[in-house]
Amino acid sequence: MYRLLIVDESVNACEQITQRLDWAAYGFSGIMTATSYMEAVGKAVDFMPHVALVGVHLGDRMGYELVEQLCAMGLQTAFCMMSDVDDPALIRRSMQATAQDFLLKPVRAEELRAFVERVLSSDLHSSLPSAAGEVDPVLQVEYTQLSKVTNRIILVVKNGFRQTQTLSSIAESFHMSSKYIGRVFLRDTGMKFSEYLMAYRMMEARKLIVSTTEKISNIANMVGYAQLNNFYIHFKNYFGVSPSVMRGSGPVGRWEISDGASPALDSREEAAV
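Residues numbered from 1 in each chain as written. Predicted model: local features only at pLDDT ≥ 70, side-chain atom pairs only at ≥ 80, totals over all residues. Heavy atoms only, no water.

A. Fine view of the confidence of the model for the chain. When pLDDT is averaged along the chain, the result is 86; 86% of the residues meet or exceed 70. Within the chain, no element has a lower average pLDDT than strand β8 (residues 255-256), which sits at 32, and none a higher one than strand β3 (residues 51-55), at 97. Low pLDDT (under 50) marks residues 124-131, which in the prediction has 18 contacts with non-local residues, meaning those over four places away or in another chain. Segment residues 250-271 is flagged for pLDDT under 50; beyond a separation of four residues in sequence, or across chains, it makes 40 contacts in the model. (pLDDT = per-residue confidence, 0-100. Helix = DSSP H or I, 4+ residues; strand = E, 2+ residues; numbered from the N terminus. Contact = heavy atoms within 4.5 Å.)

Structure, rendered in structure tokens:
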């Protein structure tokens, strides 16, 4: 879970920031506020925030001085400066102090949300699913072109596609909102999570079908399908041919559809099961 520190000489400004977003939905379990430079230093050392929103003016000190001091102390924090004035000199000085953004007060929810989502997307510490330069089999793009959030989701799929997987369960394990990571995944891939999971299972099934003599019913189970008919439907819709035709063991299978009934395998498909 993430920790947020809000630093501003105005108590009201601190309170407004705490109410700007649903911080829990983004995985923030703790929020602290400070209204002075020294109070912020003391709380930051104990609290070790992942994200800090810092007012430019803190009494007789400057917010970017606070950022520099906390960085020098070794805090791994993503900083965003807040100011009443759009001063290019202050913006440059804040960026030199390693602040990642500069927002004008009163801070707008959409701008704050964009900063938080950008930080969480780029700064989550996780390994890529594969080496740099390797292409995802479903998306046909390099993993380095995807955000770390999306790479983490793909890593979970790769490691657990044989089991039941939902975006909600993955979000819970990430301590993040399912709506948020679903939105990031769709933005990066152009696919919903459920569509990617199905496609990845189809790719794995095809490898097993063409490279082994394992029964198709077993392969369905091996890639996470409890219902064989569902597997056949998804496979044929995805590749345009049935599993047995993909294996080259028989003619194109047919579906027998009855009103309100599940598709059934014809006798030629049953022979391959």
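B. Representation of the side chain of S177 in the model. Along the chain, S177 falls in the loop between α7 (167-174) and α8 (178-189). If we skip the residues at most four places from it in the chain, S177 touches A25 and A171.

C. Quick peek at the pairing of β3. Across the five residues of β3, five count as buried, placing the element largely inside the fold. Neither face of β3 is open: one carries V51, L53 and G55, the other A52 and V54, and all of them are buried. Here strand β1 (residues 2-7) runs beside β3; their pairing, made up of four bridges, is parallel. Counted as the bridge partner of L4 is V51 from β3. Across five bridges, β3 lies against strand β6 (residues 78-83) in parallel orientation. Note on β6: the bridge partner recorded for A52 is F79. (Buried < 20%, exposed > 50% of the residue type's maximum accessible area, 1.4 Å probe, protein only. Pairing = 2+ DSSP bridges.)

D. Spotlight on the packing of helix α2 (residues 37-47) against helix α3 (residues 63-72). Taken N-terminus to C-terminus, the directions of α2 and α3 make an angle of 25 degrees; their axes are 11 Å apart at the nearest point. Our classification of the angle between α2 and α3 gives roughly parallel. For α2 against α3, the interelement crossing comes out right-handed. Here Y37, A40, V41 and A44 of α2 lie close against α3, whose contacting residues are E65, L66, Q69 and L70. Looking at the contact of α2 with α3 residue by residue, the class counts come to six nonpolar, one polar and one charged. (Axes fitted to C-alpha atoms, helices over the stretch in contact; angles between N-to-C directions. Parallel < 35°, antiparallel > 145°, perpendicular 65-115°, else oblique. Left-handed = near helix turned anticlockwise from the far one by under 90°. Nonpolar A, V, L, I, M, F, W, Y, C, P; charged D, E, K, R; others polar.)

E. Focus on the side chain of D8. Along the polypeptide, D8 turns up in the loop between β1 and α1 (11-20). A polar contact of 2.9 Å, which involves the side chain of D8, links it to the backbone nitrogen of S10. For D8, the side chain forms a polar contact with the side chain of K105, separated by 2.4 Å. Discounting residues that sit within four places of it in the chain, D8 has contacts with A13, C14, A34, T35, G55, L58, M82 and K105. (Polar contact = N/O pair within 3.5 Å; in protein donor to acceptor, adjacent residues only side chain to side chain.)

F. Structural detail: the sheet that holds strand β2 (residues 28-34). Strands sit in the order β2-β1-β3-β6-β7 across an open sheet of five strands; the sheet is parallel. Every interior strand has two partners, whereas the edge strands, β2 and β7 (101-104), have only one. Taken over all neighbouring pairs, the strand axes of this sheet differ in orientation by 20 degrees on average, direction set aside. Those strands touched by α3 are β1, β3 and β6, and its axis lies near 170 degrees from that of β6.

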